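These are the residues of each chain, in order.
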Amino acid sequence: FQISGAADEPYKIRLEMETAAGVRKLHPRSFPNIYQSLIEHHAESVLAGKAINARDGMRNLKLCEAAHKSAQQGGKAVTVK
């Protein structure tokens with residue numbers, strides 16, 4: 001899914017980073033289209049002749065799955081292994 005940060009989004013955006021020092025709330029000024037940046041990254045890797053790491057792809061899938069699971073549980077934190 002893609003969250004744009006637009007006022008009419010069905011869910012408010014909350015971005016937090018958990019560190020050893022605690023949870024830090026982040027307030028990005030803009031929300032770029034994640035799909036566009038992935039396609040650009042892929043195109044750059046093709047032009048440069050460098051393969052994309054499959055491990056990164058698997059991690060991205062796990063993060064997407066966790067985001068959906070969290071949303072289904074009302075925003076509950078989900079651990080990604």
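A quick note: this is a predicted structure, and the numbers were derived from the prediction, not measured. (Residues numbered from 1 in each chain as written. Predicted model: local features only at pLDDT ≥ 70, side-chain atom pairs only at ≥ 80, totals over all residues. Heavy atoms only, no water.)

1. Overview of the overall build of the protein
(1) Moving on: Each helix and strand counted, the protein has two helices and two strands in total.
(2) Moving on: Ordered by position in the sequence, the α and β elements of the protein form the string β-β-α-α.
(3) Moving on: Among the 81 residues that make up the protein, the fraction classed as buried is 4%.
(4) Moving on: Nonlocal contacts in the protein, meaning residues at least 24 apart in sequence, comprise 29% of its contacts between residues at least 6 apart.
(5) Moving on: Here the protein has roughly 7,400 Å² of accessible surface; of this, 57% comes from carbon and sulfur atoms. (Helix = DSSP H or I, 4+ residues; strand = E, 2+ residues; numbered from the N terminus. Buried < 20%, exposed > 50% of the residue type's maximum accessible area, 1.4 Å probe, protein only. Contact = heavy atoms within 4.5 Å. Areas by Shrake-Rupley, 256 points an atom, 1.4 Å probe, with all protein chains shown as cover.)

2. Structural notes on the environment of His-68
(1) Moving on: Here His-68 shows up in helix H2 (residues 54-72).
(2) Moving on: Sequence separation between His-68 and Val-78 is ten residues; the distance between their C-alpha atoms is 9.7 Å.

3. Some words on the confidence of the model for the protein
(1) Moving on: Taken as a whole, the protein shows an average pLDDT of 77; of its residues, 75% reach a score of 70 or greater.
(2) Moving on: When mean pLDDT is taken per element in the protein, strand S2 (residues 22-26) scores highest with 84 and helix H1 (residues 34-48) scores lowest with 79. (pLDDT = per-residue confidence, 0-100.)

4. Some words on the pairing of strand S1 (residues 15-19)
(1) Moving on: By the bridge criterion, five bridges tie S1 to S2 in an arrangement that is antiparallel. Bridging from a neighbouring strand, Leu-15 pairs with Leu-26 of S2. (Pairing = 2+ DSSP bridges.)

5. Description of H2
(1) Moving on: With 19 residues, H2 extends 27 Å from end C-alpha to end C-alpha; this agrees with the ideal 27 Å at 1.5 Å per step.
(2) Moving on: Following H2 by one or two positions, Gly-74 has its phi on the positive side, about 70°. (Expected span 1.5 Å × (residues − 1).)

6. Overview of the environment of Gly-75
(1) Moving on: Along the chain, the position of Gly-75 falls in the segment after H2.
(2) Moving on: Linking Gly-75 and Arg-14, residues 61 residues apart in sequence, is a C-alpha distance of 9.7 Å.
(3) Moving on: Excluding residues that lie within four positions of it along the chain, Gly-75 makes contacts with Arg-14 and Ser-70.

7. Some remarks on the side chain of Ser-70
(1) Moving on: Tracing the backbone through its elements, the reader meets Ser-70 in helix H2.
(2) Moving on: Excluding anything up to four places from it in sequence, Ser-70 contacts Gly-75, Lys-76 and Val-78.

8. What about the side chain of Ser-45?
(1) Moving on: Relative to the helices and strands, Ser-45 resides in helix H1.
(2) Moving on: A relative accessible area of 10% places Ser-45 in the buried class.
(3) Moving on: Not counting residues within four places of it along the chain, the set of residues in contact with Ser-45 comprises Lys-50 and Ile-52.

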